[in-house]
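Observations on the three-dimensional arrangement
Letter by letter, the chains look like this.
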Amino acid sequence: SKRTRTITRGTQLLSGARLAREGTTLVMSVADGNHPVDLFVTDLATADAPRKLVESNPQLAAKPIAKTELLPYLDADGKTRYGVVHLPSNYEQGKRYPTVFIIYEDFFDDTWDAVANLLAAHGYAALRVDMAGSGDSDGILGQEFLPAEAEDGAEIVGWIAAQHWCDGNVAMFG
């Protein structure tokens, strides 16, 4: 079958797996939390641990990267939704930060997000969320820009402003 899916292992997301014609060599993309995806290979015949083939962005090794957290929340209808907050790279517990709500996210994962990391590098928290029926969130994914999404967005803005990492200033992007 040509169907693909993403598999999680701990904090890692494994995706894009391709099996070589000889049937034992597997190449896959591996993302570990909020870091760019790297390419790995493994030999299924020997059950070797995956070996990194490519370091996608070696220039980021010395850069501070945003800490991320998975957050459940309730939408306007009381349904469970999930989001990922990217905290500033210089995050200090107890300090509050202006926050950017990245709206109209239609999937969820805790992998590299260039916009959220750029904001975090400049002292902002950034929140990406699942919309109804996407990612791990309840509901049915429908057409974009429906009134229910606007209601959910307004609800989320209020929820963000009340979080311990937000200073009450919330901007929307997307």
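Residues numbered from 1 in each chain as written. Predicted model: local features only at pLDDT ≥ 70, side-chain atom pairs only at ≥ 80, totals over all residues. Heavy atoms only, no water.

**Section: the side chain of N117**
Here N117 lies in helix α1 (residues 114–121). You can call N117 buried: its relative accessible area is 9%. Only 3.4 Å separates the side chain of N117 from the backbone nitrogen of A66, close enough to count as a polar contact. Residues within four places of N117 in sequence aside, it is in contact with N34, I65, A66, H86 and W112. (Helix = DSSP H or I, 4+ residues; strand = E, 2+ residues; numbered from the N terminus. Buried < 20%, exposed > 50% of the residue type's maximum accessible area, 1.4 Å probe, protein only. Polar contact = N/O pair within 3.5 Å; in protein donor to acceptor, adjacent residues only side chain to side chain. Contact = heavy atoms within 4.5 Å.)

**Remarks on α1**
Because the α-helix completes a turn every 3.6 residues, residues three or four places apart line up on one side. A116, N117, L119 and A120 are the residues of α1 that are buried. For α1, the buried positions fall inside an angular range of 160 degrees around the axis, keeping them on one side. Exposed residues on α1 whose side chains face more than 90 degrees from its buried face are A114 and L118. Looking at the buried residues of α1, the elements they touch are β7 (80–87), β8 (97–102) and β9 (125–129). Put simply, D113 is the residue that caps the front of α1, since its side-chain oxygen is 3.1 Å from the backbone nitrogen of V115. With its phi angle positive at about 90 degrees, G123 sits one or two positions after the end of α1. (Arc of directions from axis to C-beta.)

**A few points about the environment of N169**
Following the sequence through the fold, N169 ends up in strand β10 (residues 166–173). When the C-alpha atoms of N169 and T99 are compared, they prove to be 6.3 Å apart, with 70 residues separating the residues in sequence. Among residues more than four places away in sequence, those in contact with N169 are P98 and T99.

**Some details on the environment of E69**
Its place among the elements puts E69 in strand β6 (residues 67–74). Sequence separation between E69 and V84 is 15 residues; the distance between their C-alpha atoms is 5.5 Å. Non-local contacts of E69, meaning those with residues more than four positions away in its chain, are made with G83, V84, V85 and L87.

**Focus: the sheet that holds β7**
Strands in a sheet are paired, the pairing made by backbone hydrogen bonds, and the direction either parallel or antiparallel. One open sheet accounts for 5 strands, arranged β6-β7-β9-β8-β10; its pairing is mixed. In the strand order of this sheet, the two ends are held by β6 and β10, each with one partner. On average, adjacent strands in this sheet sit at an angle of 25 degrees to one another, irrespective of strand direction. The sheet contact formed by β8 and β10 spans 5 bridges and is parallel. Note that in β10 the partner of Y97 across the bridge is C166. (Pairing = 2+ DSSP bridges. Axes fitted to C-alpha atoms, helices over the stretch in contact; angles between N-to-C directions.)

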